[in-house]
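One letter stands for each residue in the lines below.
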Amino acid sequence: MPSEQSRLRVSQTNGVTTVEFLDRNIIDEARIQAIGDELAALIDAQPKPKLLINFASVDHLTSAALGTLILISNKVRDRGGKLRLANIDPQIKEVFHITRLDQLFSIHPTTADALGTFD
Amino acid sequence: MPATGHNQHAEHWVELRNHRAEIDAVEDRVLDLVDRFSYPRPSRFAIKLSLEEAIINAFKHGHEGLDPATSIRVGYTVAADRVLIFVEDQGPGFTPADVPDPTLDENLANTSGRGLMLMRAYMSEVWHNERGNRVGMLYRRPPDSTP
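Calculation criteria
- Residues numbered from 1 in each chain as written.
- Chains lettered and ligands numbered in written order.
- Predicted model: local features only at pLDDT ≥ 70, side-chain atom pairs only at ≥ 80, totals over all residues.
- Heavy atoms only, no water.
- Contact = heavy atoms within 4.5 Å.
- Buried area = accessible area lost by both parts, 1.4 Å probe.
- Salt bridge = Lys/Arg side-chain N within 4 Å of Asp/Glu carboxyl O.
- Polar contact = N/O pair within 3.5 Å; in protein donor to acceptor, adjacent residues only side chain to side chain.
- Helix = DSSP H or I, 4+ residues; strand = E, 2+ residues; numbered from the N terminus.
- Nonpolar A, V, L, I, M, F, W, Y, C, P; charged D, E, K, R; others polar.
- Pairing = 2+ DSSP bridges.
- Core = buried A, V, L, I, M, F, W, Y, C linked by side-chain atoms within 4.5 Å.
- Buried < 20%, exposed > 50% of the residue type's maximum accessible area, 1.4 Å probe, protein only.
- pLDDT = per-residue confidence, 0-100.
- Phe/Tyr/Trp six-rings, centres within 6.5 Å; stacked < 30°, edge-to-face > 60°.
- Lys NZ or Arg CZ within 6 Å of the ring centre and 35° of its normal.
- Axes fitted to C-alpha atoms, helices over the stretch in contact; angles between N-to-C directions.
- 1 Å grid on protein atoms, 1.4 Å probe; cavity = no way out; pocket = protein on both sides within 12 Å on 5 of 7 lines; lining within 4 Å.
- Points joined across faces, edges and corners; volume = space filled by probe spheres on them.

S.K.: Explanation requested: the interface of chain B and chain A in the structure shown.
M.R.: Accessible area lost on assembly of the parts is the figure often given for the size of an interface. Each side of the interface is counted separately: chain B has 23 residues, and chain A has 23 residues. Between chain B and chain A the total buried area reaches about 2100 Å² when both faces are included, carbon and sulfur atoms providing 62% of it. Applying the counting criterion to the chain B and chain A interface returns three salt bridges. Of the charged contacts in the structure, one is a salt bridge between Glu29(A) and Lys60(B), with a shortest N-O distance of 3.4 Å. At the junction of chain B and chain A, the tally comes to five residue pairs in polar contact (both at pLDDT 80 or more). Sort the elements by how many residues they give to the side of chain B that touches chain A and helix α2 (residues 41-62) of chain B lands first, with nine residues. Its residues assigned to classes, the side of chain B that touches chain A comprises 11 nonpolar, four polar and eight charged.

S.K.: Teacher, can you tell me more about the sheet that holds strand β7 (residues 107-108) of chain A here?
M.R.: Sheet strands associate in pairs through backbone hydrogen bonding, adopting either a parallel or an antiparallel arrangement. Residue and element names in this part refer to chain A. Strand order across the open sheet formed by five strands is β1-β2-β4-β6-β7, with mixed pairing between neighbours. A strand with exactly one partner marks an edge of an open sheet, and here the two such strands are β1 (8-13) and β7. Pairing analysis gives two bridges linking strand β6 (residues 82-86) to β7, with the strands arranged parallel. When the bridges of β7 are listed, Leu85 appears paired with Ile107.

S.K.: Could you clarify how one ought to interpret the nonpolar core in this entry?
M.R.: Inside soluble globular proteins, nonpolar side chains tend to come together where they are buried. Of all hydrophobic cores here, the largest spans 63 residues; its most connected members are Ile53(A), Phe55(A), Phe96(A), Ile85(B) and Val87(B). The element contributing the most residues to this core is α2(B), with nine residues. Phe55(A) has contacts with Phe21(A), Leu61(A), Leu69(A), Leu85(A), Ala86(A), Asn87(A), Ile88(A) and Phe96(A), leaving out every residue within four places of it along the chain.

S.K.: Honestly, the confidence of the model for chain B in this entry has me stumped. Any pointers?
M.R.: Residue-level pLDDT values for chain B average 93, and 95% of them are 70 or greater. Across the interface, the model reports ipTM at 0.90; the global pTM reads 0.92.

S.K.: Quick question: what am I supposed to make of the packing of aromatic side chains here?
M.R.: What describes a pair of aromatic rings is the distance from one ring centre to the other and the angle between the planes of the rings. Summed over the entire model, instances satisfying the criterion amount to seven aromatic pairs over all chains. On the numbers, 5.9 Å between centres and 80° between planes, the contact of Phe96(A) with Phe105(A) is edge-to-face. Neither residue differs from the other here; Phe96(A) and Phe105(A) are each classed as buried. Members of the aromatic cluster, connected to one another through ring pairs, are Phe21(A), Phe55(A), Phe96(A) and Phe105(A). The positively charged end of Arg73(B) is found above the aromatic ring belonging to Trp13(B), 4.2 Å away from the centroid. For Arg141(B), the ring lying beneath its charged end belongs to Tyr39(B), and the centroid distance is 4.3 Å.

S.K.: Explanation requested: the sheet that holds strand β3 (residues 82-88) of chain B in the structure shown.
M.R.: Residues and elements named next belong to chain B. Across the sheet, which stays open at both edges, the five strands sit in the order β1-β2-β3-β5-β4 with antiparallel pairing between neighbours. The strands lining the two open edges of the sheet, one partner per strand, are β1 (12-16) and β4 (125-128). Neighbour to neighbour, the strand axes of the sheet diverge by 15° on average, direction disregarded. Relative to β4, helix α3 (residues 115-122) is tilted by about 135°, and along the sheet it contacts β4 and β5 (134-140).

S.K.: Explanation requested: empty space enclosed by the protein in the structure shown.
M.R.: A water-sized probe rolled over the atoms picks out the places where empty space is left. Residue and element names in this part refer to chain A. Across all of its chains, the model carries one cavity of 30 Å³ or more by this definition. One number sums up the size of the largest cavity: a volume of about 70 Å³. Of all the elements in the fold, those that place two or more residues in the lining of the largest cavity are α1 (29-44) and α2 (63-78). In terms of residue class, the lining of the largest cavity is made up of nine nonpolar, one polar and no charged.

Right, dumping it as structure tokens:
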């Protein structure tokens, strides 16, 4: 569960765990690792996790952060769950597009849009 | 004829170790100059992303197997019309052509290997020295964004 050093804000809505990043820059490798560990713990806490990642506050990320998101996506899939991404800044969305990861992830304009796709 | 980065030299060089504070310091120096020349937001994003990816590649891949205290050098020139950046590690170098294309279907789920392609996507030019331990990157200011 998130500790005092948590890099995430976590909430529950109708069985969906929504997480929001507290960092504007997801760049530092140690922080990316910490975020990955926190997300993994959230996934492990549910039998069929429904996870929504809200990017509203994120201005920058790196390829290392994308790698961690792929690990998280695999972990959710392995547990029979669903992962959605939402509220991605246009500049960051372009990174997903350039890397073609917009085809690997289910990306939605808003958290409300994403919440409607879990059932 | 537009300037190419290959024959240009960086005005400033900084040596840094793999410590977040040192990486942030050099990124802040470059981005402070970028801001002084009033580059638009997408340019700032492109330069920050490419510089970060190049530095991480140097420490993570360039220095793989070396003493973690081994330093890299970052060279930069920021002008009104262009930003030139070099990142040089002390490793044996690599062959850029050997890096798999991360956008191919079979590589899409790989958890690493996207740094170089992002640098190529966001910068105007990216090149390596023959040994493969120094990357050069040139960003040309978009024509419609003069301050």
